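Take a look at the letters that make up each chain.
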Amino acid sequence: MLENIESAKIPHIVFNTMVDEQWCQVTTTELFAGQNVIVFSLPGAFTPTCSSTHLPRYSELSDVFTANGIDRIVCVSVNDTFVMNAWAISQNVKNVQFIPDGNGEFTDAMGMLVDKSAIGFGKRSWRYSMLVRDSKIEKMFIEADVPGDPFEVSDADTMLSYLNPHALKPKNISIISKAGCGHCVRAKAALESHGIKFEEIEIGSNGLSTSSLQAISGKGSTPQIFIDGDLIGGADELETWLNTEHL
C-alpha cells in the first residue's frame, strides 16, 4: 500500500551526483531547506511516458511555477547519475534538477519503492509528485496502486492547479517550416523576440512531407503556425496575433 505522508518531513538522504565530471554529494537539506520545491518521481529515465509527457510538461511550465513561488523543480528516479545526466542532455532540459536515487534510499524512505522485476527493472520508484515547503511535505499526488504504470495525477498541470487554479499557462505553439524559408525565419524571430517558446516541425524530418502539410493545414506554403491546436496561418498572421494578443 502506497502511503500518503503529507505533513511529514523529508527524509535526510545524501545523493551521489556527477557535476562537471566531478563527484558531488547533494543532501536533501540543500535541496529543500528554506525553499518551495516541487518533486516528481518516476519509474525510469528514457522510458516512454517519462520522456514524452511527465518530464517535458514540468519543464514547459517551469516559468509559471516560478511565478507562483516555486524555487526549484526536482526530478527523482532510481537511476545512477550518469543515466540521469544523459537523459537531461537528450531532453535538453535545464530548468529541472535531475536527482539520481541510485540505491533507492530516498524512494524507500518515502515509501514509494516498488518491485518491477517482472519487466526487468528491479526496484524502482512509483510515480508521484509532491509540493515541499521548507523540508515539510505539504501535498502529495500519488498514482493509483493498480497494475501497469498509471499516469493521472502526478502531472505538472495537476500540480499547477493545486498551486494556483487560475494560473496562466503558456500557449502551445507549433511551426511547420522548411529549410531555406525566409518567412519561417521571420516567424521564429518574432516569437523569440517576445520570449515565447515553440516547437518547430521541419518538412523532410520525421516523415513529414509537403503533402502532409497540405493535408494538415490545407495549404502548401510555409510556415504554417498552430496555437493551442488552431491554425492561425503564416508569418503575417502570426505578427498580427502577437500585436493583438495579451500573452
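First, a word on what this report is: a plain description of the structure on this page. (Residues numbered from 1 in each chain as written. Predicted model: local features only at pLDDT ≥ 70, side-chain atom pairs only at ≥ 80, totals over all residues. Heavy atoms only, no water.)

### Remarks on the overall build of the protein
Per the secondary structure count, the protein includes nine helices and 13 strands. In terms of its C-alpha atoms, the protein occupies a principal-axis envelope of roughly 55 × 40 × 40 Å. Across the 247 residues in the protein, those meeting the buried criterion constitute 46%. Taking contacts inside the protein between residues at least 6 apart in sequence as the whole, the part at least 24 apart equals 62%. (Helix = DSSP H or I, 4+ residues; strand = E, 2+ residues; numbered from the N terminus. Buried < 20%, exposed > 50% of the residue type's maximum accessible area, 1.4 Å probe, protein only. Contact = heavy atoms within 4.5 Å.)

### Description of unusual backbone geometry
Residue Pro223 is bonded to the preceding Thr222 through a cis peptide linkage, with omega at 0°. Assignment of secondary structure puts Pro223 in the loop between α8 (210-217) and β12 (224-227). The phi dihedral of Ser7 is positive, around 85°, even though this residue is not glycine. Checked against the element boundaries, Ser7 lands in the segment before β1 (14-19). Assessed through its relative accessible area of 53%, Ser7 is described here as exposed. Look at Glu21: it is not a glycine, yet its phi comes out positive at around 65°. Among the secondary structure elements, Glu21 is positioned in the loop between β1 and β2 (22-27).

### Some words on the pattern of salt bridges
On inspection of all chains with the given rule, the structure shows 10 salt bridges. Where Arg57 meets Glu60, a salt bridge forms, and the shortest distance between an N and an O atom there is 3.0 Å. With Arg57 and Glu60 both in helix α2 (residues 48-60) and three residues apart, the pair spans about one turn of that helix. Accessibility expressed as a relative area gives 15% for Arg57, which makes it buried. Linked by salt bridges that have partners in common, Arg57, Glu60, Asp157 and Lys169 make up one network. (Salt bridge = Lys/Arg side-chain N within 4 Å of Asp/Glu carboxyl O.)

Take it as geometry only, folks, not as evidence of what the structure does.
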